[in-house]
Amino acid sequence: MSNYHVEPVDRPKALAPEAIKSLRRSQVKGISRRQLLRYSIGGGVALWLLEVTAGTVAFIWPNLTGGFGSKVRIGTLEDVKLANISLPIADGFPAYVPEARAYIVLVNTGRQQFVAGEDPTGDGAALNVRGLYQRCPHLGCKPNPCLKNFWLECPCHGSRYDRLGIKADGAQYGPAARGMDRFAASVDGSGVLTLDTGKITLGPLPVAVGQPGIIPPRTPTGCI
Ligand code: FES
């Protein structure tokens, strides 16, 4: 046996405390894990803020611009007729106004003008005009006005309403439980109609055909 002992040349040596301190102080090349974590969290928060801001602006934008959800200027009866030149608006046929998501209907066709005043419930009798929300009270489809019978007919499940949005009572006239909803309306001294599409009054209960309160269809069969 010999006491001779060979020290391996590549054996790792412990670092001195000064060397460790200096290594900690020295700048890491590229991005450290800590910086990467900070950047990721910062980026996530910025993205979330951007989404919240964009969503808020999109939500309130119609109210800022006079679009749906706020007051929408429709115009005079003559304006409505001109915009729907091929339709019998003067006879009380519903005119569609996409900006308001509404049908505009002359109530009393014997009087060819809108009447100045305020109508918070959208009944239409005083102003001689009714603004109907385009959404079917059943499940939300858009009823279409039918030129044959002057009624509004929902293509989804067949609910039928007279030209003023009154639901015809009876299963054969579709499943909607009430008439079409109305918007609050106002007409100024020049006969210009404005609908407040932020204020909706629910439509009334159905009325049996032949009873007062519903306008009978012009023809026994409609468009659907
Ligand atoms: Fe109009 Fe069902 S959505 S009848």
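Look up: the structure comes first, before these words.
Residues numbered from 1 in each chain as written. Predicted model: local features only at pLDDT ≥ 70, side-chain atom pairs only at ≥ 80, totals over all residues. Heavy atoms only, no water.

(A) How the structure looks around the pattern of salt bridges. Using the criterion set out here, one finds six salt bridges in the structure. Measuring nitrogen to oxygen at the nearest pair gives 3.8 Å for the salt bridge that ties Glu153 to Arg160. Arg160 carries the same exposure label as Glu153, and that label is buried. For Asp181, the salt bridge goes to Arg178, with nearest N and O atoms at 2.9 Å. We classify Arg178 as partly exposed; its relative accessible area is 23%. One connected set of salt bridges, linked through shared partners, spans Asp123, Arg130 and Arg182. (Salt bridge = Lys/Arg side-chain N within 4 Å of Asp/Glu carboxyl O. Buried < 20%, exposed > 50% of the residue type's maximum accessible area, 1.4 Å probe, protein only.)

(B) Spatial organisation of unusual backbone geometry. One non-glycine residue, Arg101, adopts positive backbone phi at about 50°. Of note, Arg101 is situated in the loop between strand S2 (95-97) and strand S3 (102-106). Classification of Arg101 by relative accessible area gives partly exposed; the value is 37%. Phi at Asn128 is positive, roughly 65°, even though this residue is not glycine. Tracing the backbone through its elements, the reader meets Asn128 in the loop between strand S4 (117-119) and strand S5 (129-133). The class for Asn128 is buried, based on a relative accessible area of 4%. (Helix = DSSP H or I, 4+ residues; strand = E, 2+ residues; numbered from the N terminus.)

In short, shape yes, function no, at least from these values alone.
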